[in-house]
Amino acid sequence: MNSLIAWIIRAIPFGTIIMFGSMGEIVTEKSGNLNLGVPGIMYLGGFAGFASSYFYEKNAANPSGVVCVIIALTAAILASMFGGLIFSFLTITLRANQNVTGLALTTFGMGVANFFGVFILDGSSYSAAPLANATFTKKIPYLSKMGILGKTVFSYGFLVYAAIIIAIVLYFILNKTRVGLNLRAVGENPGTADAAGINVTKYKYLATCLGAGLSGIGGLYYVLDYNQGIWATTGQIEALGWLAVALVIFTTWKPLNAIWGAYLFGMLYWLYQFLPSILGIKVASYITDLVQMVPYVVTIVVLVVVSFRKKKENQPPESLGLSYFREER
């Protein structure tokens, strides 16, 4: 039982990181833009949020945890939206290839974060923002002490619950509002949407930038919560960014599916560590390596199954990855 609880406690924060990234990419792809720069955007969000809170803690006479959260969230969202704006300008205005631009944005985001991160590290292997970490990881009073339920459901920072709320709100916006209808129309057939009076360029810009902002919160959560408020120049955020992109396919572009899909990914990702203790057996190292492949294998299987089902609601937007030329309408 203890191993199972520890497995859940490890999986939910991990799933929250990729949930933010996947929700941001779902919003972006609903507009018809395929942004493969999610890993770089998460890097930008994570670094900007950490750097802002780090310098605030270091220079303020009496730093406040609430102010740390506000500063970190603002900086992370703005930096990530800036990355989304770069992608939007290149692919929407200049009509550059979306695949190449997204990959370039990943390299750009990682490079910028690691370059400026050197000044924060100042010769050390890592830097920390303890006050920001303590605030982001603060548990819900009383509820976190409710036995097993408190340990498995109410023992996380506020961003875990914010991710679930955002997923529900996104579902409502995309499926129950005119804005969501217009956005889906732009992603399916921008020419028809344009003829109906919908400003295609505006919707694509807004969806891509807002989606990037959401993805950036995932990077922020990784650094200031999941990684205990420590910044180090590692490639872990990049790996999580690609998992977030894979999760978009796994969830068939539905925000509500991102909730259970992200947690399932988290469970499968940490399966190799807890499987031996849960089953009470000793597992060979090569078996462990195979088990670590499970999240990616599951994504491939889901992609194959979806391609055979041919249901419209399970397919990507029809104009995904294609630049819109109004003259060809």
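Residues numbered from 1 in each chain as written. Predicted model: local features only at pLDDT ≥ 70, side-chain atom pairs only at ≥ 80, totals over all residues. Heavy atoms only, no water.

## Comments concerning a nonpolar patch on the surface
Phase 1: Together, Ile165, Ile168, Val169, Tyr171, Phe172, Ile173, Val179 and Leu256 make up an exposed nonpolar region whose accessible area comes to about 690 Å².
Phase 2: With six residues, helix H7 (residues 158-176) is the single largest residue contributor to the nonpolar patch.
Phase 3: Following the sequence through the fold, Ile173 ends up in helix H7. (Patch = residues over 30% accessible without salt bridge, like charges linked within 9 Å, V, L, I, M, F, W, Y side chains within 5 Å. Areas by Shrake-Rupley, 256 points an atom, 1.4 Å probe, with all protein chains shown as cover. Salt bridge = Lys/Arg side-chain N within 4 Å of Asp/Glu carboxyl O. Helix = DSSP H or I, 4+ residues; strand = E, 2+ residues; numbered from the N terminus.)

## Here we look at helix H2 (residues 38-59)
Phase 1: The first and last C-alpha atoms of H2 sit 32 Å apart over 22 residues, in line with the 32 Å expected at 1.5 Å per residue.
Phase 2: Burial runs high along H2: 19 of the 22 residues are buried. (Expected span 1.5 Å × (residues − 1). Buried < 20%, exposed > 50% of the residue type's maximum accessible area, 1.4 Å probe, protein only.)

## Some details on helix H11 (residues 236-250)
Because an α-helix packs 3.6 residues into every turn, residues spaced three or four apart end up facing the same way.
Phase 1: For H11, with 15 residues, the first-to-last C-alpha span of 21 Å sits near the 21 Å given by 1.5 Å per residue.
Phase 2: Just downstream of H11, Thr252 is the residue with a positive phi angle, here 50°.

## Brief notes about the side chain of Thr16
Phase 1: Following the sequence through the fold, Thr16 ends up in helix H1 (residues 2-30).
Phase 2: Among the polar contacts made by the side chain of Thr16, one reaches the main-chain carbonyl oxygen of Ile12 at a distance of 2.9 Å.
Phase 3: Aside from chain neighbours lying at most four places away, what touches Thr16 is Leu159, Val160, Ala163, Tyr221 and Tyr263. (Polar contact = N/O pair within 3.5 Å; in protein donor to acceptor, adjacent residues only side chain to side chain. Contact = heavy atoms within 4.5 Å.)

## Looking at the nonpolar core
Phase 1: Membership of the largest hydrophobic core comes to 72 residues, with the highest contact counts inside it found for Ile18, Met19, Met23, Phe50, Phe136, Leu224 and Trp231.
Phase 2: The element that contributes the greatest number of residues to this core is helix H10 (residues 200-226), accounting for 10 residues.
Phase 3: Those residues within four positions of Ile18 in sequence are excluded, and the remaining contacts are Leu240, Leu243, Ala244, Leu247, Ala262 and Phe265. (Core = buried A, V, L, I, M, F, W, Y, C linked by side-chain atoms within 4.5 Å.)

## Here's the deal with the packing of H2 against helix H3 (residues 65-93)
Phase 1: It is at 7 Å that the axes of H2 and H3 come closest, and there the two elements cross at 150°. Relative to H3, the crossing made by H2 is right-handed. In this structure, H2 uses Ile41, Leu44, Gly45, Ala48, Gly49, Ser52, Ser53, Tyr56 and Glu57 to contact H3, whose residues at the interface are Val67, Cys68, Ile71, Ala72, Ala75, Ala76, Ala79, Ser80, Gly83 and Gly84.
Phase 2: Split by residue class, the contact of H2 with H3 holds 11 nonpolar, seven polar and one charged. (Axes fitted to C-alpha atoms, helices over the stretch in contact; angles between N-to-C directions. Left-handed = near helix turned anticlockwise from the far one by under 90°. Nonpolar A, V, L, I, M, F, W, Y, C, P; charged D, E, K, R; others polar.)

## Some points on the packing of aromatic side chains
Phase 1: Considering all chains together, one arrives at 15 aromatic pairs under this definition.
Phase 2: Judged by centre distance (5.4 Å) and plane angle (75°), the rings of Tyr54 and Phe55 are edge-to-face.
Phase 3: Owing to a relative accessible area of 39%, Phe55 belongs among the partly exposed residues under this scheme.
Phase 4: Taking 5.6 Å as the distance between ring centres and 65° as the angle between the ring planes, the aromatic pair formed by Phe250 and Trp260 counts as edge-to-face. Of this pair, Phe250 sits in helix H11 while Trp260 is found in helix H12 (residues 255-269), placing the two residues 10 residues apart along the sequence. (Phe/Tyr/Trp six-rings, centres within 6.5 Å; stacked < 30°, edge-to-face > 60°.)

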